[in-house]
Amino acid sequence: RDVMFEDLKNLLRDTNVLDKIKGFYVNQIDSFAFIKKNFPKMNVWGDINLYAMNVLSVAEVGKLVNGYTIPVELNKDEIRHMPCENGELIIYGRYPLMNTANCVFLTHGDCRKAGGNAFTMLKDRMGERLPVKGYCGEKICYNTVYNSVPTSLHRNASVISSLEPHALQIRMRLSDSFFRGKC
């Protein structure tokens with residue numbers, strides 16, 4: 001959404017934070033293009049949705065970015081066949097399952113535009129509670145639906161070490177107290 005790109009560009013150009021930023025994670029090719037056009041010297045890493053699912057796609061993505069996030073869909077045996085020297089492995093976090101422009105809050109008659117960001121829970125057909133974070137702004141609203149449980153690979157240190165990822169990621173996006181709420 002172009003309005004978000006313009007707001008980001010203005011924010012970064014109007015503040016002193018740009019000198020402190022080492023790079024950006026991008027989820028889409030259009031985000032990559034925006035960063036390279038407006039901040040050409042900035043490092044760019046492929047995030048969770050810029051798929052690098054096999055050796056060929058890692059090679060192609062590698063032409064664009066400084067590194068990539070190893071896809072969460074891959075198991076350890078599939079990761080072993082990946083070139084991980086520029087790969088980052090998420091070892092803890094609640095993965096986003098989807099982003100939606102259809103506002104969950106507005107659908108339920110509880111628009112949060114005036115109040116900013118919001119949280120709620122959805123229940124799936126198996127009764128699992130899925131956290132939803134709403135990004136409710138004046139110009140644009142969207143929601144991120146997260147997995148019902150965080151992935152935690154802390155008991156797999158030897159496997160993680162054997163995969164030899166370039167870096168490890170810990171994603172602490174939402175507060176634990178939010179996840180204890182009722183659906």
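Residues numbered from 1 in each chain as written. Predicted model: local features only at pLDDT ≥ 70, side-chain atom pairs only at ≥ 80, totals over all residues. Heavy atoms only, no water.

Chemist: Explain the pattern of salt bridges to me, please; I cannot follow it from the model alone.
Modeler: Working definition: two side chains of opposite charge can pair if their charged atoms are close together. On inspection of all chains with the given rule, the structure shows 4 salt bridges. With a shortest N-O distance of 2.3 Å, Asp47 and Arg171 are connected by a salt bridge. One end of the pair, Asp47, is in the loop between strand S2 (43-46) and helix H3 (55-62); the other, Arg171, is in the loop between strand S10 (167-170) and helix H7 (176-179), and 124 residues separate them in sequence. Here Asp47 and Arg171 have matching classes, each one buried. Between Asp77 and Arg80 there is a salt bridge whose closest N-O contact spans 3.9 Å. Taken as a pair, Asp77 and Arg80 lie in helix H4 (residues 76-80) at a separation of 3 residues, close to a single helical turn. Relative accessible area serves as the criterion here: at 45%, Asp77 is assigned to the partly exposed category. Of the residues examined, Arg80 reaches a relative accessible area of 43% and is grouped as partly exposed. (Salt bridge = Lys/Arg side-chain N within 4 Å of Asp/Glu carboxyl O. Helix = DSSP H or I, 4+ residues; strand = E, 2+ residues; numbered from the N terminus. Buried < 20%, exposed > 50% of the residue type's maximum accessible area, 1.4 Å probe, protein only.)

Chemist: I tried to follow the state of the cysteines on my own but got confused; where do I start?
Modeler: Covalent bonding between the sulfur atoms of two cysteines is what defines a disulfide. Applying the stated criterion to the full structure yields 0 disulfides. The cysteine Cys103 is free of any disulfide, with Cys136 supplying the nearest cysteine sulfur at 4.9 Å. Here Cys136 falls in the buried class, since its relative accessible area comes to 6%. (Disulfide = S-S within 2.5 Å.)

Chemist: I'm lost on the sheet that holds strand S6 (residues 118-123) in this one. Help?
Modeler: Hydrogen bonds between backbone atoms are what pair the strands of a sheet, whose relative direction is either parallel or antiparallel. Taken together, the 4 strands give an open sheet; going across it, the order is S5-S8-S7-S6, and neighbouring strands pair in antiparallel fashion. Since the sheet does not close on itself, it has two edges, and those belong to strand S5 (96-100) and S6, each with one partner. The mean angle between the axes of side-by-side strands here comes to 25°, regardless of whether they run parallel or antiparallel. (Pairing = 2+ DSSP bridges. Axes fitted to C-alpha atoms, helices over the stretch in contact; angles between N-to-C directions.)

Chemist: Help me understand the environment of Gly134, please; the structure alone is not making it clear to me.
Modeler: Relative to the helices and strands, Gly134 is located in strand S7 (residues 129-136). On the accessibility criterion, Gly134 (0% relative accessible area) is buried. Sequence separation of Gly134 and Val145 is 11 residues, and the distance between their C-alpha atoms is 8.8 Å.

Chemist: It is not clear to me how helix H2 (residues 29-38) should be interpreted in this structure. Could you clarify?
Modeler: Note: α-helices contain 3.6 residues per turn, so residues at a spacing of three or four share the same orientation. Three or more residues of H2 are buried, namely Ser31, Phe32, Phe34, Ile35 and Asn38. The buried residues of H2 occupy an angular sector of 160° when projected down its axis, which confines them to one face. (Arc of directions from axis to C-beta.)

Chemist: Looking at this model, I keep getting lost on the layout of surface pockets. Mind explaining?
Modeler: Reported here for the largest pocket is a volume of approximately 990 Å³. What lines the largest pocket is a set of 29 residues, among which Met4, Asn27, Gln28, Asn99 and Tyr142 lie closest to the centre. Those elements that provide at least two residues to the lining of the largest pocket are helix H1 (2-14), strand S1 (23-26), H2, S5 and strand S8 (141-146). For the lining of the largest pocket, the element with the highest residue contribution is S5, accounting for 5 residues. Class assignment of the residues belonging to the lining of the largest pocket gives a composition of 17 nonpolar, 7 polar and 5 charged. Here the second largest pocket defines a volume of roughly 220 Å³. Forming the boundary of the second largest pocket are 16 residues, of which Leu74, Lys76, Ile79, Leu89 and Leu153 lie nearest the centre. With 3 residues, the single largest contributor to the lining of the second largest pocket is helix H6 (residues 157-163). Residue composition of the lining of the second largest pocket, by class: 12 nonpolar, 3 polar and 1 charged. (1 Å grid on protein atoms, 1.4 Å probe; cavity = no way out; pocket = protein on both sides within 12 Å on 5 of 7 lines; lining within 4 Å. Points joined across faces, edges and corners; volume = space filled by probe spheres on them. Nonpolar A, V, L, I, M, F, W, Y, C, P; charged D, E, K, R; others polar.)

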